[in-house]
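For reference, the chains in residue letters:
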Amino acid sequence: MKVEGDFTITDRAGNTYDLGGREIVGLCRCGLSNNKPFCDGAHNGKFTHEAKAFALPPKKAQ
Ligand code: FES
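Attention here is on the structure that accompanies the text. Because the structure is a prediction, the values reported are computed rather than measured.

### So, the pattern of salt bridges
- All told, the structure shown has one salt bridge when counted by the stated rule.
- Its salt-bridge partner being Lys2, residue Glu4 comes within 4.0 Å of it at the nearest N-O pair. Across this residue pair, the class does not change: Glu4 and Lys2 are exposed.

### Concerning the nonpolar core
- Counting five residues, the largest nonpolar core consists of Phe7, Ile9, Leu19, Val25 and Phe38.
- With near-sequence residues (within four places) excluded, Phe38 lies in contact with Ile9, Tyr17, Leu19, Val25, Gly26, Leu27, Cys28 and Ser33.

### Topic: the layout of surface pockets
- A volume near 240 Å³ is recorded for the largest pocket.
- Every residue lining the largest pocket is counted, 15 residues in all, and those nearest its centre are Met1, Leu27, Arg29, Phe47 and His49.
- Residues belonging to the lining of the largest pocket are distributed by class as follows: nine nonpolar, four polar and two charged.

### Focus: the side chain of Ser33
- As for its placement among the helices and strands, Ser33 is situated in the segment after β2 (24-26).
- Here Ser33 falls in the buried class, since its relative accessible area comes to 2%.
- There is a polar contact of 2.6 Å between the side chain of Ser33 and the backbone oxygen of Phe38.
- Contact partners of Ser33, with chain neighbours within four places excluded, come to Cys28, Phe38, Cys39, Asp40 and Ala42.

What counts and how
- Residues numbered from 1 in each chain as written.
- Predicted model: local features only at pLDDT ≥ 70, side-chain atom pairs only at ≥ 80, totals over all residues.
- Heavy atoms only, no water.
- Salt bridge = Lys/Arg side-chain N within 4 Å of Asp/Glu carboxyl O.
- Buried < 20%, exposed > 50% of the residue type's maximum accessible area, 1.4 Å probe, protein only.
- Core = buried A, V, L, I, M, F, W, Y, C linked by side-chain atoms within 4.5 Å.
- Contact = heavy atoms within 4.5 Å.
- 1 Å grid on protein atoms, 1.4 Å probe; cavity = no way out; pocket = protein on both sides within 12 Å on 5 of 7 lines; lining within 4 Å.
- Points joined across faces, edges and corners; volume = space filled by probe spheres on them.
- Nonpolar A, V, L, I, M, F, W, Y, C, P; charged D, E, K, R; others polar.
- Helix = DSSP H or I, 4+ residues; strand = E, 2+ residues; numbered from the N terminus.
- Polar contact = N/O pair within 3.5 Å; in protein donor to acceptor, adjacent residues only side chain to side chain.

Dropping the structure here:
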């Protein structure tokens, strides 16, 4: 999964990853990366998916 733009990524404790100035990163979806949550290419030849972009339903009002 590619993430691009002005964003931050935090771990479950709320700590922010230092992205080293990157404005685009790949996130691992296959679970095979040794650099989770980032993709390190370990998926090559071992993971396929057919996910296509779609619209989420509108955000619920609180
Ligand atoms: S998606 Fe898991 S290593 Fe690339």
